[in-house]
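# Observations on chain architecture
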Amino acid sequence: PTLGMELRPRYGRKKPVSVERFSPAAQVVLIHWLLGRMQHSITPLELSKQLWYSAMSMSRALDQLESTQIAHIEHTGNRRLVTFVKDRKDIWNEALPRLRNPISKTVRVLEHDLDQKDMLAAGTTALSVRSMLNQPPYPEYAVSRDAWKAMQKIGTKEIPVEEPGTCLLQVWCYDPYVLQVNGLTDPFSLYLSLQNDPDERIQMALDEMMEQFL
């Protein structure tokens, strides 16, 4: 006290606790890598700029990926670098039980109410482009929660029944545009959104699609 100092023991970084289900941010990081968009080791700050999350959210996401040994985290001073060292197909299969359906809810809206930038094909609409599956009777699109809230503020209304000119709008727990591929929702999120569909034709189309990306 006479020196104006306070001394405390310094503890190392706690080992991340294992998780049963990845957070949306951790899932986005993993899919970002599966799409081939991480060619080298990268820091949470760099990831935050690419994926539109805060650096803190990215740091927590890496904790989850490290705890499940899906990713390898190298500590260099105050820097953390994430790398994935296993085969893509192996990592996908290991991670699959911890991945979530990105759809929070699905609403029906008038298609002409959608801005062109909000029309990212999803569901069976996107799957029909990537496989031999027929297009659905009503188009399906995906938006983030924030985008849906913004649409509601400008007057977009839910349509309670099937009507001509309507479409299905999936509201996702993460922004589908961050991972989009050629104007479609990414194949990995698309798989997760349809993997429990009982239609055998959809399951065959999913298998067909995944063969292209793994």
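What counts, and where the lines are drawn
- Once a new chain begins, its residue numbering starts again from 1 and follows that chain's sequence as written.
- Per-residue local features are limited, in this predicted model, to residues with pLDDT of at least 70; the limit for side-chain atom pairs, both in listing and counting, is 80 or more; totals at the level of whole chains, interfaces and linings are taken over all residues.
- Where side-chain values are given, they derive from all heavy atoms of the structure, hydrogens and water being excluded.
- We define a nonpolar core as any set of buried Ala, Val, Leu, Ile, Met, Phe, Trp, Tyr and Cys residues linked to one another through side-chain atoms lying within 4.5 Å.
- Buried, partly exposed and exposed residues are distinguished by accessible area as a fraction of the type maximum, computed with a 1.4 Å probe on protein chains only: under 20%, between the cut-offs, and over 50%, respectively.
- A helix here means a DSSP run of H or I that spans at least four residues, while a strand means a run of E at least two residues long, and both kinds are numbered starting from the N terminus.
- Note on contacts: a residue pair qualifies if any of its non-hydrogen atoms lie within 4.5 Å across the two residues.
- Salt bridges are counted wherever a side-chain nitrogen of Lys or Arg sits within 4 Å of a carboxyl oxygen of Asp or Glu.
- In this scheme Phe, Tyr and Trp rings, the latter by its six-membered ring, pair at centre separations within 6.5 Å, and the angle between planes marks the pair as stacked below 30 degrees, edge-to-face above 60, and tilted otherwise.
- The criterion for a charge sitting over a ring is simple: Lys NZ or Arg CZ within 6 Å of the ring centre, and within 35 degrees of the ring normal.

Formed by 49 residues in total, the largest nonpolar core has its most connected members in Val29, Leu30, Leu47, Leu65, Val82, Phe84 and Leu127. Per-element accounting of this core gives the leading share, eight residues, to helix α1 (residues 24–34). Beyond its immediate stretch of four places on either side in the chain, Leu127 contacts Leu133, Leu190, Leu194, Ile202, Ala205, Leu206 and Met209. By size, the runner-up hydrophobic cluster in this structure holds 10 residues, among which are Leu114, Met151, Cys167 and Leu169.

Further remarks concern unusual backbone geometry. Its identity as a non-glycine residue notwithstanding, Gln69 has a phi of 60 degrees, on the positive side. With respect to the element layout, Gln69 can be found in the loop between α3 (55–67) and β1 (72–76). A positive phi angle is found at Asn182, which is not glycine, with a value near 55 degrees. As for its placement among the helices and strands, Asn182 is situated in the loop between β6 (166–172) and α7 (187–194).

Time to look at the environment of Leu30. Topologically, Leu30 is positioned in helix α1. Each C-alpha atom of the pair Leu30 and Asn182 lies 19 Å from the other, and the pair is 152 residues apart in sequence. Other than its neighbours up to four places away in sequence, Leu30 contacts Leu65, Ile70, Phe84, Ile91, Ala95 and Leu99.

Per the stated rule, a full pass over the model turns up five salt bridges. The closest approach of N and O atoms between Glu94 and Lys86, which form a salt bridge, is 3.1 Å. For Lys86, a relative accessible area of 35% gives the class partly exposed. The partner of Glu162 in a salt bridge is Arg108, with the nearest N and O atoms 4.0 Å apart.

The next point concerns the packing of aromatic side chains. Under the criterion given, the structure shown has four aromatic pairs. Ring geometry for Trp92 versus Tyr191: centroids 5.8 Å apart, planes at 75 degrees, classification edge-to-face. Of this pair, Trp92 sits in helix α4 (residues 88–95) while Tyr191 sits in helix α7; the two residues are 99 residues apart in sequence, bridging distant segments of the chain. Tyr191 shares its class with Trp92; the two are buried. For the pair Trp172 and Tyr174, a centre-to-centre distance of 5.6 Å together with 75 degrees between the ring planes defines the contact as edge-to-face. For the pair shown, Trp172 and Tyr174 are each scored as buried. Three or more aromatic residues joined by ring pairs form one cluster here, namely Trp92, Phe188 and Tyr191. Positioned over the ring face of Tyr138 is Arg108, at 4.5 Å from the centre of the ring.

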